[in-house]
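Summary of structural features
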There are 2 protein chains.
Amino acid sequence: MNNFDFYNPVKILFGKGKISELKKHIPAKANVLVTFGGGSIKKNGVYDQVMAALEGYNVKEFGGIEPNPHFETLMKAVEVVKAEKIDFLLAVGGGSVLDGTKFIAAASCYKGEDAWDILAKRARIESAIDLGAVLTLAATGSEMNSGGVITKVATKEKLAFGSPLLFPKFSILDPEVTYSLPKRQISNGIADAFVHVMEQYLTYPVNSPVQDRFAEGLLMTLIEEGTKAYNSETPNYDEYANVMWAATMALNGLIGAGVQSDWATHMMGHELTAFHGIDHAVTLAIVLPGLMTHLKDKRSVKLLQYAERVWNITEGSEEERKAMAIVKTEDFFNRIGIQTRLSQHNVGKDTIDTIIKRFTDRQLPSIGMLPDVKIEDAEKILLDRL
Amino acid sequence: MNNFDFYNPVKILFGKGKISELKKHIPAKANVLVTFGGGSIKKNGVYDQVMAALEGYNVKEFGGIEPNPHFETLMKAVEVVKAEKIDFLLAVGGGSVLDGTKFIAAASCYKGEDAWDILAKRARIESAIDLGAVLTLAATGSEMNSGGVITKVATKEKLAFGSPLLFPKFSILDPEVTYSLPKRQISNGIADAFVHVMEQYLTYPVNSPVQDRFAEGLLMTLIEEGTKAYNSETPNYDEYANVMWAATMALNGLIGAGVQSDWATHMMGHELTAFHGIDHAVTLAIVLPGLMTHLKDKRSVKLLQYAERVWNITEGSEEERKAMAIVKTEDFFNRIGIQTRLSQHNVGKDTIDTIIKRFTDRQLPSIGMLPDVKIEDAEKILLDRL
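Treat the numbers as computed from the prediction; the structure is a model and nothing was measured.

Another aspect to go through is the domain arrangement of chain A. Residue and element names in this part refer to chain A. Along its sequence, chain A is carved into domain 1 (11–177) and domain 2 (182–383). Across the contact, 23 residues belong to domain 1 and 21 residues belong to domain 2. In total, domain 1 and domain 2 occlude about 2,000 Å² of area from one another, counting both sides; carbon and sulfur atoms represent 64% of this. Among the residues of domain 1 in contact with domain 2, Lys156, Lys158 and Pro175 are the three that bury the most area, contributing 28% of the side total. At the junction of domain 1 with domain 2, the criterion picks out zero salt bridges. Along the contact surface separating domain 1 from domain 2 lie four residue pairs in polar contact (both at pLDDT 80 or more). At the level of secondary structure, the elements contributing two or more residues to the side of domain 1 that touches domain 2 comprise strand E2 (11–14) and strand E8 (157–162). A per-class count over the side of domain 1 that touches domain 2 returns ten nonpolar, six polar and seven charged.

Now the structure itself:
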């Protein structure tokens, strides 16, 4: 096992009716800015629940944070924060709203000239406004971590940022809040969480059975409960709850502590979203089978372990077991309604060329955090997914 | 899954050489009281490492915290804290030193007349001195939770306490620090952690696959890595590291979030320690097989799941599989050198009578947190272990 530091102070409030406990967790007399997305929370009752729970606070609101939240939009929220002397941000939404709100929290306190430097130059975050979250979509894990990803429309760039100051003080996870989601968002959430686990699991063995078993437990839960949740005609509490908790645990630092992480699938996926607006999770489901195929020899040990423990593939040669695991993985994405070929999303070789040129211009020594996906590997992986 | 709150802000610093980072985590100019046990840290180099890392601080020390730490001893440390204006406690030891130090942290700030009320009357802890830990023994999980167990010698009482104020600010887990431990302490730690998991796992199903898979992963790690660590002639880093991380994860709130917990094994075990001084972990290994046998029908679902997933027992009738799982569990304890019969520890029926009388005097409606172990069940379980 590698040395590691692990720290995660987010208070999780999980279950039915938990939104009503908001007041216990936001300082009295706080000026609260409620941030949200396209307004679905006003249709499904979540907005009303939150506002009822916030009675007595000075509350402002900022809606319209889009999927793959835009730097340009978030900077408007920063103006509201400053004008209204906001001292607590309450994100009500999925990963995009949470990521965006984390950026608002940091950018509102940023002393430099251009808050984009937080992303482009990884400028150090010295302070941030406190934030909490009401999660409305199980997917990104943003509710229990301290990072986010922001897109600049002007330049079609999608970049990550983070700071321990950006851990939510609390996150409310009420699975019932997710009942009204369209199936597309359910399946996207499942795929997103699944690939988060794989980025931290399907790498190189470092003799870390706790982390491995935890990761495998999350993958099995996402496969079993995710498939049920996707197929059930009416939402089932436990199915939705188990997917939600698995998604949160998938990216809160725990399964990545002491092991090697990759994130090459995300780096390639981000570009597909940036250029074509394909849903984040869908890009991951497109790229992952290609990455697994391209690295099936280098990452053989973990891929065989994955085949056996997650898919119960115990027969056949090593090559056959690895190939079967990759097939099962892509089939899982397909079974929850995700199309995993670039051509199905009208993406052709020209886009791959553009992405590879961008990687080349950035002079990336490798695409992820491991040295085994270089720019030429990324090209092969993406071409394999046409 | 049941509703739950989960909060664990302990910063874990895991790995080789981590003690040298102490200064980053203790406020400059703090008056530090280093607490420890019988002095083994002075022989194995840990004391020297800690003192070197604390250079520049005003450091006092308090040694002699015994296994099953005594209220009487800890109150002497409280006097030191007050006399020396201590504002940071650094526990260097195993679960007893950590539990004891948490009690010192709370008792030093206690405004009531008798700090024993924190245990006997569960008096509310309003404030506590900050503490950190350097763990020297993987076992209790105290390094990543906010509770402890204290013994009053005068009355042979062993009681629990806890408060979110008692989470260590940080815990340093360097597996190399545990290399010099006698095998008896290694096996005790493994058994202790194993039963911690079982108390939160072998109860009743609430459809919580993430928690179940995590618990099973810890159990398998403790069996596999624990057996290797116990049997290896010279300490192996990964074996010790995996046992250490599994023990920490076994009792940090995570696998117990949203599920039913029991703790009846602990309640009975505590009495065996209080009356006979048997090592805490040994008492758990004595009691658990009896509890499993007595509840094999009521807790059938989880016991069968345990049999299949942890021990790979898939053949035979349900009765046979359950019986085999119980045999395997006791055999595992025996294989790491723990004697699991009361008679092997010179405990007879007279002690059981005394324990049952004490439970009766306390008018306990049930022994653990579930209603399925009443006083008469405890008697049968203990008699089964003679």
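Residue and element names in this part refer to chain B. Taken as a whole, this structure holds 48 salt bridges over all chains when the rule is applied. Here Lys121 makes a salt bridge to Asp117, at a shortest N to O gap of 4.0 Å. On the accessibility criterion, Asp117 (17% relative accessible area) is buried. Note that Arg124 and Glu126 form a salt bridge whose closest N and O atoms lie 3.8 Å from each other.

With that settled, consider the UniProt feature "domain: Alcohol dehydrogenase iron-type/glycerol dehydrogenase GldA" (unreviewed entry) in chain A. UniProt tags residues 9–175 of chain A as "domain: Alcohol dehydrogenase iron-type/glycerol dehydrogenase GldA" (unreviewed entry). Within residues 9–175 of chain A, the helical portion is 25% and the strand portion 25%, while the C-alpha atoms at the span's ends are 21 Å from each other.

The next thing to look at is the nonpolar core. Of all hydrophobic cores here, the largest spans 231 residues; its most connected members are A:Met268, A:Tyr306, B:Met268 and B:Tyr306. Contact partners of B:Tyr306, with chain neighbours within four places excluded, come to B:Phe194, B:Met198, B:Tyr201, B:Leu202, B:Leu219, B:Met292, B:Trp311, B:Ala325 and B:Thr329.

We now examine the interface of chain A and chain B. Of the residues lining the interface, 40 residues belong to chain A; the matching set on chain B comes to 40 residues. In this assembly, chain A packs against chain B so that about 3,500 Å² is buried in total across both faces, 60% of it on carbon and sulfur atoms. When the buried area of chain A at its contact with chain B is split by residue, A:Met1, A:Phe214 and A:Trp245 rank highest and sum to 18% of it. For A:Lys18, the salt bridge goes to B:Asp5, with nearest N and O atoms at 2.6 Å. Linking chain A to chain B there are 14 residue pairs in polar contact (both at pLDDT 80 or more). Of all elements in the fold, only strand E1 (4–6), E2, helix H7 (209–231) and helix H8 (237–250) of chain A reach the threshold of two or more residues within the side of chain A that touches chain B.

Before going further, it helps to spend a moment on the relation of the copies chain A and chain B. Mapping chain A onto chain B calls for a rotation angle of 180 degrees and an axial translation of 0.0 Å; the resulting RMSD is 0.0 Å. One copy is carried onto the other by what is essentially a two-fold rotation axis. Of the C-alpha atoms belonging to chain A, the one lying closest to the rotation axis is found on A:Pro9, 2.0 Å away. An overlap of 100% is found between the interface residues of chain A and their copies at the interface of chain B, pointing to a shared contact surface.

On to the sheet that holds E2(A). Strand order across the open sheet formed by seven strands is E4(A)-E3(A)-E5(A)-E6(A)-E9(A)-E2(A)-E1(B), with mixed pairing between neighbours. Of all the strands in the sheet, just strand E4 (58–62) of chain A together with strand E1 (4–6) of chain B have a single pairing partner and so form its edges. Taken over all neighbouring pairs, the strand axes of this sheet differ in orientation by 15 degrees on average, direction set aside. With five bridges connecting them, strand E3 (residues 31–35) of chain A and E4(A) associate as parallel partners.

Another point: the UniProt feature "domain: Fe-containing alcohol dehydrogenase-like C-terminal" (unreviewed entry) in chain A. What UniProt calls "domain: Fe-containing alcohol dehydrogenase-like C-terminal" (unreviewed entry) maps, in this numbering, to residues 191–358 of chain A. Within the segment residues 191–358 of chain A, helix and strand shares are 69% and 0% respectively, and the terminal C-alpha atoms sit 26 Å apart.

Tallying each qualifying case throughout the model produces 29 aromatic pairs over all chains. Taking 4.8 Å as the distance between ring centres and 5 degrees as the angle between the ring planes, the aromatic pair formed by A:Phe14 and B:Phe4 counts as stacked. A residue pair is termed interchain when its members come from two chains, as with A:Phe14 in strand E2 and B:Phe4 in strand E1. For the pair A:Phe14 and B:Phe4, one class covers both residues: buried. In textbook terms, an aromatic cluster arises when at least three aromatic residues are bridged by ring pairs, as seen for A:Phe71, A:Phe103, A:Trp116 and A:Phe161. Over the aromatic face of B:Tyr230 sits the side chain of B:Lys183, whose NZ or CZ is 6.0 Å from the ring centroid.

What counts and how
Residues numbered from 1 in each chain as written. Chains lettered and ligands numbered in written order. Predicted model: local features only at pLDDT ≥ 70, side-chain atom pairs only at ≥ 80, totals over all residues. Heavy atoms only, no water. Domains from an automatic or database assignment. Contact = heavy atoms within 4.5 Å. Buried area = accessible area lost by both parts, 1.4 Å probe. Salt bridge = Lys/Arg side-chain N within 4 Å of Asp/Glu carboxyl O. Polar contact = N/O pair within 3.5 Å; in protein donor to acceptor, adjacent residues only side chain to side chain. Helix = DSSP H or I, 4+ residues; strand = E, 2+ residues; numbered from the N terminus. Nonpolar A, V, L, I, M, F, W, Y, C, P; charged D, E, K, R; others polar. Buried < 20%, exposed > 50% of the residue type's maximum accessible area, 1.4 Å probe, protein only. UniProt positions renumbered as here; feature names shortened; annotations may be inferred. Core = buried A, V, L, I, M, F, W, Y, C linked by side-chain atoms within 4.5 Å. Least-squares fit on C-alpha atoms with pLDDT ≥ 70 in both. Pairing = 2+ DSSP bridges. Axes fitted to C-alpha atoms, helices over the stretch in contact; angles between N-to-C directions. Phe/Tyr/Trp six-rings, centres within 6.5 Å; stacked < 30°, edge-to-face > 60°. Lys NZ or Arg CZ within 6 Å of the ring centre and 35° of its normal.

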